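Structural features, examined
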Amino acid sequence: VERAVFLLREVFDYRYDEIAEIVEKSEANCRQIFARSRTRIDAGKPRFQADLEHQQELAHWFLAAFDRGEVDRLVEFLAADVVFYGDGGGKGRGLPRPVYGRDRVARLLIAFAPQYREIGAQIQPTVINGQAGTLNFDAHGQLINVFVFEIADGLIETIRSIINPDKLAHLGYPLSDVGR
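Parameters at a glance
Residues numbered from 1 in each chain as written. Predicted model: local features only at pLDDT ≥ 70, side-chain atom pairs only at ≥ 80, totals over all residues. Heavy atoms only, no water. Helix = DSSP H or I, 4+ residues; strand = E, 2+ residues; numbered from the N terminus. Buried < 20%, exposed > 50% of the residue type's maximum accessible area, 1.4 Å probe, protein only. Pairing = 2+ DSSP bridges.

For A64, the location among the structural elements is in helix α4 (residues 52-68). What makes A64 buried here is its relative accessible area of 15%. With 30 residues separating them in the primary sequence, A64 and F34 have C-alpha atoms 33 Å apart.

A separate point is the pairing of strand β5 (residues 143-152). In terms of residue burial, β5 counts as a mostly covered element, since nine of its ten residues are buried. Across five bridges, the pairing between strand β4 (residues 131-137) and β5 is antiparallel. Within β5, the position partnered with G133 by the bridge is V148. Here β4 hands over to β5 after five residues, with G141 in that stretch at a positive phi of 80°. By the bridge criterion, seven bridges tie β5 to strand β6 (residues 155-162) in an arrangement that is antiparallel. Across the sheet, the residue bridging to E150 is T158, located in β6.

As C-alpha cells, this is what we get:
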C-alpha cells in the first residue's frame, strides 16, 4: 500500500482522493502514508525491520490472541494500514482482493478462528523466507495453509495466507482438503 500510494502520487501525480479510492483507504490516511514515505526516502533510511527473534515473539502473542478470539488484543499487534492477502491461486479458497486496515483484518481473522478450532487445526510457528510465520495443519496433520507476517516498527504490516497447493507442495507435508 505504501509503495502504491507513493508511486501514484509522486510518479503519476494522482490526487489524494483518487489514490484513496484505489487503495481503499481514507484520503487523510493516504496523505499520512505518503508523508511517511517521503520522510524516509529523504532521510535515506530503510524502514525498521524487527529482528527475527522479536518477529517470532510478536507472532506468538498475536497467534495467542487469534486462538482465543480476543479482538481488542489482536488489533494491538496490527499496523493501522495492515493488509491481508489470501493466495488461493484459483485452486484454494483465497480472497479475491486484499483486505486493508486494522479493523477489517482483525474481523477477518476473528472469523477464521472458530473455523480453525472446529476442525482441530494446529498452528505451528516457523520461519518462512526469513520472516515469522506459521504452518497450519488440520486434525490429521495435513497442511492447510501457511501465514507469513511482515513486521516493521513493532507491528504486523502484512499477513500473507498461502493456501494455493502449488505453492505449498514443496514444503513436503501432505496437503489438506480443507480450504480447497
